[in-house]
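Structural description and commentary
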Amino acid sequence: MPANRRTWLKQMGLGMAGLGIVPLEAFSIQDQGPMYDHFPKDDITRLSSNENPYGPSPAAIAAMTEILKRSNRYNWNYSSDLIRAIAQKHQLKEDNVLISAGSTELLDLQARYFGAAKGSFVISAPTYGYWSKAATDAGYNKIVVPLTADKKQDLGSILAAIRPDTNMLYLCNPNNPTGTLIPDKELTDFIAEATKKLTVVIDEAYLDYTDQPSAARWVSENKNLVIIKTFSKIYGLAGARIGYLLAHEETVAKISASKTWANGDISLASRVAAMASLKDTAFTISCAKHNSSIRSQSIQKLEKLGLRCIPSHTHFIYFSLENYGKDYFGILKQHKIEGTYMYEEVGKWTRITVGTEEEMKRFFQAIS
Ligand SMILES: Cc1ncc(COP(=O)(O)O)c(C=O)c1O
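Residues numbered from 1 in each chain as written. Predicted model: local features only at pLDDT ≥ 70, side-chain atom pairs only at ≥ 80, totals over all residues. Heavy atoms only, no water.

1. A look at the overall build of the chain
Regarding its fold elements, the chain presents 13 helices and twelve strands. In the chain, buried positions account for 55% of the 368 residues. Considering only intrachain contacts with a sequence separation of at least 6, the fraction spanning at least 24 residues in the chain is 72%. Total accessible area computed for the chain in this model is approximately 16,100 Å², and 53% of it derives from carbon and sulfur atoms. (Helix = DSSP H or I, 4+ residues; strand = E, 2+ residues; numbered from the N terminus. Buried < 20%, exposed > 50% of the residue type's maximum accessible area, 1.4 Å probe, protein only. Contact = heavy atoms within 4.5 Å. Areas by Shrake-Rupley, 256 points an atom, 1.4 Å probe, with all protein chains shown as cover.)

Have a look at this one:
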């Protein structure tokens, strides 16, 4: 296994252990060995990483292909055209935007920034929390709040968990791995309340699968709100590595200061792919539509097998293996299907990405 892949798996395991999630070693990814070392081959069904099975958009592929021959030149213009397009999409100023090679880096940067005071931050569990490792290693204390019984983020307990030294809280909306959504009104009230005390960071990686508006509409008037978004999900550009942060200009300036080349360290190819993707709304609408129909069918099939599912607002499903009599992870391995691991021992909760119709057919043939 290549060293960087090994390091990443190790970090993920450590990150999850920190969140009270069962470490990776025990479950399927580790067991499946070398097939995880490379791009999925034709005989491997990848339902593990919440990638878009339909992407990138044809327009993004064309734009990337066209620009490759200009890759000998530096990206000196600091991606200003992409920043402008993102600002316009969210009706914000360009100073409210910071772009980077994927949103995980932005999550890491903000955590290091807020963690410099070595206070504490609040996070639900399970959620997407790998980005907090560097900051917690450096002394930023994590306050973990469990989800409610129906796997929602417990906003009341999150507020109650804030300590005098807490300066940030993270909400993933919709949440990974559960797929639950905090409705707009509830979230708006929560932001108004919580940002009186600290900075609220909202990760909207999967919001494009819903009809809910982005909470980014509050950032120009609220200095204590940070929104993180990515092109890795509905835009199908996970491998192109591009994400962005939206915040009040003072917050953007402070977080950018820790980067050597803020906004400049994404490739030309990623930049044009993102620009083309923003324009290709037909592609994202089609992805969301396909996903919604295959997701409902998949939930019905899981429930028919007696497996409890959490209603999902995303392109993945969180379900319980408690009533599954067979060796689920062994069966996935045998059929060369990449699933995830067990996020919670109690209830035996795991997650599966909603793939194409063909991929889900293979999945259900295997587990039925
Ligand atoms: C909630 C959430 N945020 C961020 C990311 C990472 O996105 P990126 O590829 O932009 O680093 C993921 C990836 O799965 C995610 O689930």
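2. Re the sheet that holds strand S4 (residues 141-146)
One open sheet accounts for seven strands, arranged S2-S8-S7-S6-S5-S3-S4; its pairing is mixed. Edge positions in the open sheet fall to strand S2 (97-100) and S4, since each of these has one partner strand only. Between one strand and the next, the sheet's axes are offset by a mean angle of 20 degrees, whatever the strand orientation. Where strand S7 (residues 225-230) lies against strand S8 (residues 243-247), five bridges are found, and the strand directions are antiparallel. Bridging across to S8, Thr230 finds its partner in Gly243. Against the sheet, helix H8 (residues 184-194) touches strand S5 (166-172), strand S6 (199-203) and S7, its axis set at about 170 degrees to S5. (Pairing = 2+ DSSP bridges. Axes fitted to C-alpha atoms, helices over the stretch in contact; angles between N-to-C directions.)

3. Quick word on the sheet that holds strand S12 (residues 349-353)
Note on sheets: strands pair through backbone hydrogen bonds, and any given pair is parallel or antiparallel. Strand order in the open sheet formed by three strands is S9-S12-S11, with antiparallel pairing between adjacent strands. Every interior strand has two partners, whereas the edge strands, strand S9 (316-320) and strand S11 (342-344), have only one. For this sheet, the mean angle separating the axes of adjacent strands, direction not counted, is 40 degrees. With two bridges joining them, S11 and S12 adopt antiparallel strand pairing. The partner of Glu344 across the bridge, within S12, is Trp349.

4. Here we look at the site of the ligand
Around the ligand, the structure places 13 residues, and the nearest of them are Thr104, Asp203, Tyr206, Thr230 and Ser232. Side-chain polar atom of Ser232 to an oxygen atom of the ligand: 2.6 Å apart, as the coordinates give it. A distance of 2.8 Å separates an oxygen atom of the ligand from a polar atom in the side chain of Lys233. Burial of the ligand by the protein chains amounts to 92% of its free accessible area of 390 Å². In the shell around the ligand, the residues fall into four nonpolar, six polar and three charged. (Near = heavy atom within 4 Å. Polar contact = N/O pair within 3.5 Å; in protein donor to acceptor, adjacent residues only side chain to side chain. Nonpolar A, V, L, I, M, F, W, Y, C, P; charged D, E, K, R; others polar.)

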